[in-house]
Amino acid sequence: MNDRLDEREWNIENPWTQASSLPRPKEGSTALAVVLFGVACAAIPLSLYHSVVALLLGVALVLGSAFLLKNKRMTLLLAASALLAALAPGMILPVSGSFYPVFGAVAAALCVSVAAGAYYQTVTRLAVVPILLSVIIAGAVYALKGDLLWATLAIVPLPSMLLVSISTRKGMGATTVICFGVGGLLLTGAILAAVWLKRTLGAISTEAINGLLDQWKEGFALSQIQARDQLMAEIDEMKGMASMTAETLKRLDEMKEMLWERMSDSVIRASLNQTFLLIPAAAVVIAVVASFLSQRLLNGYYAANGLSEVVTPEAEFVTVSVPAAALYVLCVVVVAAAPSFSVVGVAASNLCLILVPAMLYLALGALRPLLRRLMRIRRVFPIILLALICYSTSGILLVAATVGACDRLFRALRRAVDRKFSNGDGNPPD
């Protein structure tokens, strides 16, 4: 798949420059799009009130988007992304609980707001409507909460939406549109973070930010240490039961020793230090994934509402360059060789994490034949998938990303060799 896409010579005129020849969108789609945009903008601040409110808003956004998409696969992708966002904190951070609807609702709101707003702006002449609507919602949130920072959360999607709609109207490719969306989300996130830090710390400085991060790390560490001590106490209680055999007592001692080795105070704090060093990369990854899903949803909105002509090959396919794949492989090697807390190791780890989504996209193409074969074995495939997820989700993702990067490099090398030894007509020499 990647060879075909890389070698494709796109010479397609921008369909948006011929707006008079484009069909009109289906009746009611623009009204539904602007309603979805408004609900999504309101969902970002309102989801922080209560988990039940977040859950209801998240479900409403997925269902509303399903009506506009009319595509089961895209709807399932949006729902799965929101569910994964709700589960991610419990999987990554040492926090109590395993399901956080607020993260799922915010993830769905970011994707739907950018896509629905860009759809409305590109197919109507009233591009100012989403902007005014988000400002009105921000004012309503301020009147309800009395907090300017909360109110500004309602306009978080605006920069990304504007950049996505402008780049789409100019006929730019999917990769460029996604990059513009990422830039808009990161810009908004940086401004909000700066305002929140200014309010919290009084003055933004390296020392103050490091002190705040140290407080967070210590809080997470204490919660993990407390959970470990509680588990140790339960093991000791089990050992005190009269029904315990010598073999069982021996296994409990081994379990306790292994638990102490893997969750000692030093190990817990070192793991948290490593996790916090990846915060910049994590912010970029969130923006990349949200922007990618927004661009996919936007194409789905066009295709479902009579505007499939604007979904050109350039707008449909994401391309990943050879230098990006080479940089990922280099970062993997550096991370494996360099000390964890060195400047080089931290920089390589962040770059590696930033590139993981793109490499996973390549891996889907490289592993698609294998996945299709496995999916034919309907009884076995779910068991294999569940076993792999339970074993190590992060490890599987990193391996898959590395496979995608290597496949991209091997295909580029093969094309270069074919061109080198061909007769100029694409055929090998006689």
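Please read all numbers here as calculations on a predicted model, not as lab measurements.

Colleague: A description of the side chain of Ser160 should follow, citing residues and the corresponding values.
Modeller: On the secondary structure map, Ser160 appears in helix H8 (residues 158-169). Ser160 has contacts with Val114, Gly181, Gly184 and Leu185, leaving out every residue within four places of it along the chain.

Colleague: Pulling in residues and values, what's your account of the side chain of Thr188?
Modeller: Its place among the elements puts Thr188 in helix H9 (residues 174-201). For Thr188, a relative accessible area of 9% gives the class buried. Excluding anything up to four places from it in sequence, Thr188 contacts Val156 and Pro159.

Colleague: I'd like a rundown of the confidence of the model for the protein chain, residues and numbers included.
Modeller: Averaged over every residue, the pLDDT of the protein chain is 81; residues scoring 70 or more account for 83%. Low pLDDT, under 50, characterises residues 1-12; the predicted model gives this stretch 22 contacts beyond four residues in sequence or across chains.

Colleague: Now, about the nonpolar core: what can you tell me, with residues and values included?
Modeller: Grouped together as the largest cluster of nonpolar side chains are 59 residues, with contacts concentrated most on Leu61, Val112, Tyr119, Leu297, Tyr301 and Tyr302. No other element matches the twelve residues that helix H5 (residues 101-123) contributes to this core. Not counting the four nearest positions on each side in its chain, Leu297 is found in contact with Ser65, Leu69, Met74, Leu78, Cys111, Val112 and Ala115. By size, the runner-up hydrophobic cluster in this structure holds twelve residues, among which are Val320, Cys352, Leu362 and Ala401.

Colleague: So, the packing of aromatic side chains: which residues are in play, and what are the values?
Modeller: Here the structure, examined in full by the defined rule, presents seven aromatic pairs. Geometrically, the ring pair formed by Tyr100 and Phe103 is edge-to-face, given 6.2 Å between the ring centres and 80° between the ring planes. Owing to a relative accessible area of 43%, Phe103 belongs among the partly exposed residues under this scheme. Measuring from ring centre to ring centre gives 6.0 Å for Tyr119 and Tyr301, while their planes differ by 75°; the resulting arrangement is edge-to-face. Placement of Tyr119 in helix H5 and of Tyr301 in helix H13 (residues 279-304) is noted, with a sequence separation of 182 residues between them. Each residue in the set Tyr119, Tyr301 and Tyr302 is aromatic and connected to the rest through ring pairs, giving one cluster. Across the ring face of Trp150, the terminal group of Lys145 is positioned such that the distance to the ring centre comes to 4.4 Å.

Analysis parameters
Residues numbered from 1 in each chain as written. Predicted model: local features only at pLDDT ≥ 70, side-chain atom pairs only at ≥ 80, totals over all residues. Heavy atoms only, no water. Helix = DSSP H or I, 4+ residues; strand = E, 2+ residues; numbered from the N terminus. Contact = heavy atoms within 4.5 Å. Buried < 20%, exposed > 50% of the residue type's maximum accessible area, 1.4 Å probe, protein only. pLDDT = per-residue confidence, 0-100. Core = buried A, V, L, I, M, F, W, Y, C linked by side-chain atoms within 4.5 Å. Phe/Tyr/Trp six-rings, centres within 6.5 Å; stacked < 30°, edge-to-face > 60°. Lys NZ or Arg CZ within 6 Å of the ring centre and 35° of its normal.

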